[in-house]
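# Notes for the structure review
Each chain is listed here by its residues.
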Amino acid sequence: MMSSRTLALAGRRVRQKHFASFYTRPEVVDFLVRWGLAQAGGVVMDPSCGDGRFLSSAALLGATAVIGCDLDPRALKVARSALATEHVAATVHEGDFFALDPADHPRVDLIVGNPPFIRYQCFAGDSRRRALQSALALGVRLTALSSAWAPFVIHAIRFLRSGGAMAMVVPAEIVQTNYGLQTLDALCRNFAQVHLLAFARNFFADAEADTYLLLAADAGGSCHSVEFHPLESIQQLASVRMSGLASTTLPVGTTERTPFALAFLTPKEHDAWLQAIANPGVVRLSDLGTITNGYVTGANDFFLMTREDAVKQGLPTEWLHPTVVNAASLRGPEFAPSDIAELELAGKPHHLLNPPPAAQLDGHRQELASFIRRGVALGIHLRFKCRTRSPWWHVPGLHVPHLFLPYMVGREPIASVNAAGATYTNTIHGLRLRRASSARTVGIGLHSTLTLLSMELHGRTYGGGILKLEPSETRRVHVAVPAKSDAAKAVDRLLRSDDYLGAVAVADDVVLRGELGLSAAVIGQLRSARARLVCRRYSRNQGRNTR
Ligand SMILES: C[S@@+](CC[C@H](N)C(=O)[O-])C[C@H]1O[C@@H](n2cnc3c(N)ncnc32)[C@H](O)[C@@H]1O
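Computed from a predicted structure; not experimentally measured.

## Focus on the overall build of the protein chain
When you go through the protein chain residue by residue, the secondary structure sums to 21 helices and 23 strands. Computed over C-alpha atoms, the radius of gyration of the protein chain comes to 27 Å, within 12% of the 24 Å expected from 2.2 N^0.38 for 547 residues, which places it in the range of a compact globule. Expressed as lengths along the three principal axes of its C-alpha atoms, the size of the protein chain is roughly 80 × 60 × 45 Å. Looking at the protein chain as a whole, 47% of its 547 residues qualify as buried. Within the protein chain, contacts between residues separated by at least 24 positions form 76% of all contacts whose residues are at least 6 apart in sequence.

## Considerations on the pairing of strand S6 (residues 191–199)
By the bridge criterion, seven bridges tie S6 to strand S7 (residues 211–219) in an arrangement that is antiparallel. Within S7, the position partnered with Leu197 by the bridge is Leu213. Direction of pairing for S6 relative to strand S8 (residues 225–231): parallel, over a ladder of five bridges. Bridge pairing in S8 places His195 opposite Glu227.

## Focus on the domain arrangement of the protein chain
Partitioning the protein chain into domains gives domain 1 (14–258) and domain 2 (291–304 + 325–333 + 400–539). Computed over C-alpha atoms, the centres of domain 1 and domain 2 are 37 Å apart. Listed per partner, the contact involves five residues of domain 1 and six residues of domain 2. Across the side of domain 1 that touches domain 2, the residue classes tally to two nonpolar, one polar and two charged.

## A look at unusual backbone geometry
Backbone torsion omega between Ser390 and Pro391 reads -5 degrees, so that peptide bond is classified as cis. The phi dihedral of Asp218 falls on the positive side, at around 65 degrees, and the residue is not glycine. Inspection of the secondary structure puts Asp218 in strand S7. The phi torsion at Asp498 lies on the positive side, around 60 degrees, for a residue other than glycine. Tracing the chain through its elements places Asp498 in the loop between helix H19 (488–496) and helix H20 (500–515).

## Section: the environment of Asn178
The residue Asn178 is located in helix H8 (residues 178–190) in this model. Given 14 C-beta atoms within a 10 Å radius, Asn178 is considered partly exposed. Measuring from C-alpha to C-alpha, the distance between Asn178 and Ser146 comes to 8.6 Å, with 32 residues separating the pair along the chain.

## Re the packing of helix H17 (residues 449–458) against H20
It is the contact of H17 with H20, at a shortest axis distance of 8 Å, that shows an interaxial angle of 105 degrees. Judged by the angle between their axes, H17 and H20 are roughly perpendicular. Residue-level contacts link Thr449, Leu450 and Leu452 of H17 to Val504, Asp508, Val511 and Leu512 of H20. Classifying every residue of the contact of H17 with H20 by side-chain character gives five nonpolar, one polar and one charged.

## Some thoughts on the pairing of strand S20 (residues 428–433)
In terms of strand pairing, strand S11 (residues 289–293) meets S20 through five bridges, oriented antiparallel. Paired with Gly289 across the strands is Leu433, a residue of S20. Sheet topology note: the strand S16 (residues 403–406)/S20 ladder contains four bridges and is antiparallel. The residue bridging Pro406 from the neighbouring strand is Ile428, located in S20.

## A look at the confidence of the model for the protein chain
Across the protein chain, pLDDT averages 91, with 93% of residues at or above 70. Residue range residues 543–547 is modelled with pLDDT below 50. Its contacts to residues more than four positions away, or to other chains, number 12 contacts.

## Let's talk about the sheet that holds strand S19 (residues 423–424)
The strand order S12-S15-S13-S19 describes an open sheet built from four strands, whose pairing is mixed. The sheet is open, and its two edges are formed by strand S12 (304–305) and S19, each paired on a single side. Where S12 and strand S15 (residues 351–353) come together, two bridges link them in antiparallel fashion. Its bridge partner being in S15, Met305 is matched across the sheet by His351.

## Observations regarding the sheet that holds S16
Across the sheet, which stays open at both edges, the five strands sit in the order S11-S20-S16-S18-S14 with mixed pairing between neighbours. Both outer strands of the open sheet, S11 and strand S14 (334–335), are each paired with one neighbouring strand and no more.

## Re the packing of H17 against helix H21 (residues 520–539)
Between H17 and H21, the shortest axis-to-axis distance is 9 Å and the interhelical angle comes to 35 degrees. Considering only the axes of H17 and H21, their crossing is left-handed. Residues Thr449, Leu450, Leu452, Leu453 and Glu456 of H17 form the contact with H21, whose own contacting residues are Ile523, Leu526, Arg527, Ala529, Arg530, Leu533 and Val534. Its residues assigned to classes, the contact of H17 with H21 comprises eight nonpolar, one polar and three charged.

## Digging into the environment of Thr177
Considering the arrangement of structural elements, one finds Thr177 in the loop between helix H7 (173–176) and H8. It is 8.9 Å that separates the C-alpha atoms of Thr177 and Arg460, two residues lying 283 residues apart in sequence.

## Some words on helix H4 (residues 73–84)
Note: α-helices contain 3.6 residues per turn, so residues at a spacing of three or four share the same orientation. A rise of 1.5 Å per residue sets the reference length of H4, with its 12 residues, at 16 Å; its end C-alpha atoms lie 16 Å apart and thus fit the reference within 8%. On the buried face of H4, the contacting elements are helix H3 (53–60), strand S2 (65–70) and strand S3 (89–94).

Cut-offs used in this document
Residues numbered from 1 in each chain as written. Predicted model: local features only at pLDDT ≥ 70, side-chain atom pairs only at ≥ 80, totals over all residues. Helix = DSSP H or I, 4+ residues; strand = E, 2+ residues; numbered from the N terminus. Rg over C-alpha atoms; globule rule 2.2 N^0.38 Å. Buried ≥ 20, exposed ≤ 12 C-beta atoms within 10 Å, placed from the backbone. Contact = placed C-beta atoms within 7 Å. Pairing = 2+ DSSP bridges. Domains from an automatic or database assignment. Nonpolar A, V, L, I, M, F, W, Y, C, P; charged D, E, K, R; others polar. Axes fitted to C-alpha atoms, helices over the stretch in contact; angles between N-to-C directions. Parallel < 35°, antiparallel > 145°, perpendicular 65-115°, else oblique. pLDDT = per-residue confidence, 0-100. Left-handed = near helix turned anticlockwise from the far one by under 90°. Expected span 1.5 Å × (residues − 1).

Here it is in structure tokens:
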């Protein structure tokens, strides 16, 4: 039987999921409210106030009136009773913030809070329609992939008086996604100053994504850049003076997207990076060819098998495609038939069994019928991906690229030349080169610190330290390709003997020193920058400030 504590925890998780209610730590609440009141004072609004902690803090710190809104009646009960003990006029709306029309409300001086982080898949119906309309009213046509927090922030701007301020918690998506950057752009068009504070440690115990603090001052003005301030932890907030904080100025609204993670580098590392990418020998991966996603079977346990198993089952070998299954399949700068043989010998299937749709008509009708029977008996045809395609037993979207690139990056990403004529699942990316003959030299280039650092700068960090690079982000990654190199064997030997840094040192020698002519000092700064960013993403959730 579940204990009452377990039940309470389970209840909390369900509510968190339903309302996206991750409440904010008091240190963060007080910092945001203090900063905001010092900018704009007066009437304070929290559009998703939950239990009212921002409003109580505002009341305590001198707000003249507070206004809250939230969907969650249980949280609002707590908010109302907390505010009843404060000597301040309090108005609390129960319902959807997007249903509040700014035209019906007097302007407020300060907006504070922590908007709901509801992903686009769960953000639907009237609320979403109103949200997108409100963003349009401020000239922002948000992309279909927008999470709720983005229109929330934009809708909130419309309640502010000229000269007002905004102090909110926002996800790091604000600098990592197109809709986040649209939101940041809208902030820059509506405030004279925009600051983002980032922390080395994540301060939300339960949230997956990285979180920043947004401080926007002087509504009605505008600016073209954001001041980005990296801090160690939220404990620093108690003593922080904004005027004395180190910052990096990063332009917003430019066609060339600036990687905001640059703000975490030291000035010397930043300069080394700018010097390296100014070299005419440095290009983007999109300059070399096309990056594509891999296939999705919907049932790897059914469609992936060893060659031996397929033969045993009497399945036609022409239906078999050698395949990379995931990043762990890649162990060196070249993925060769011998890798597949070794992996399969270790019991790890590396063939996709994919009867062509025309198999119904060719000479293997019986084999196909028995394959389909077996799938149906296992219920494979009912799995989501299978039942939404026709025929369910044919996997579409197979590509055979020249190189495999990482999608989820750990500490030691490996990119491999496709020497096995293999296809790949959607857990990695494929690069089809314009000049196929350069595959080996590109492969060396992909292991230099320049590319590894560029991945850190362009990817998105997630819980557990993983860095994700979608195809659009991978296209922006920098690479320098040596004219020729005999280093492939050395890199291969070092990677396969788990000497990752040794392999990178060889690639750096060939690419950064030999090809680009960078000095040892600059290469050292690039290495330290990469190490700093890797360390940041792995330590983000360690010793984090749980509630
Ligand atoms: C991240 S919590 C923040 C709560 C509180 N402001 C805090 O920081 O501790 C987000 C809140 O948004 C509320 N919420 C979700 N969708 C909303 C909507 N459309 N309108 C108003 N509130 C909403 C949830 O109920 C939840 O209380």
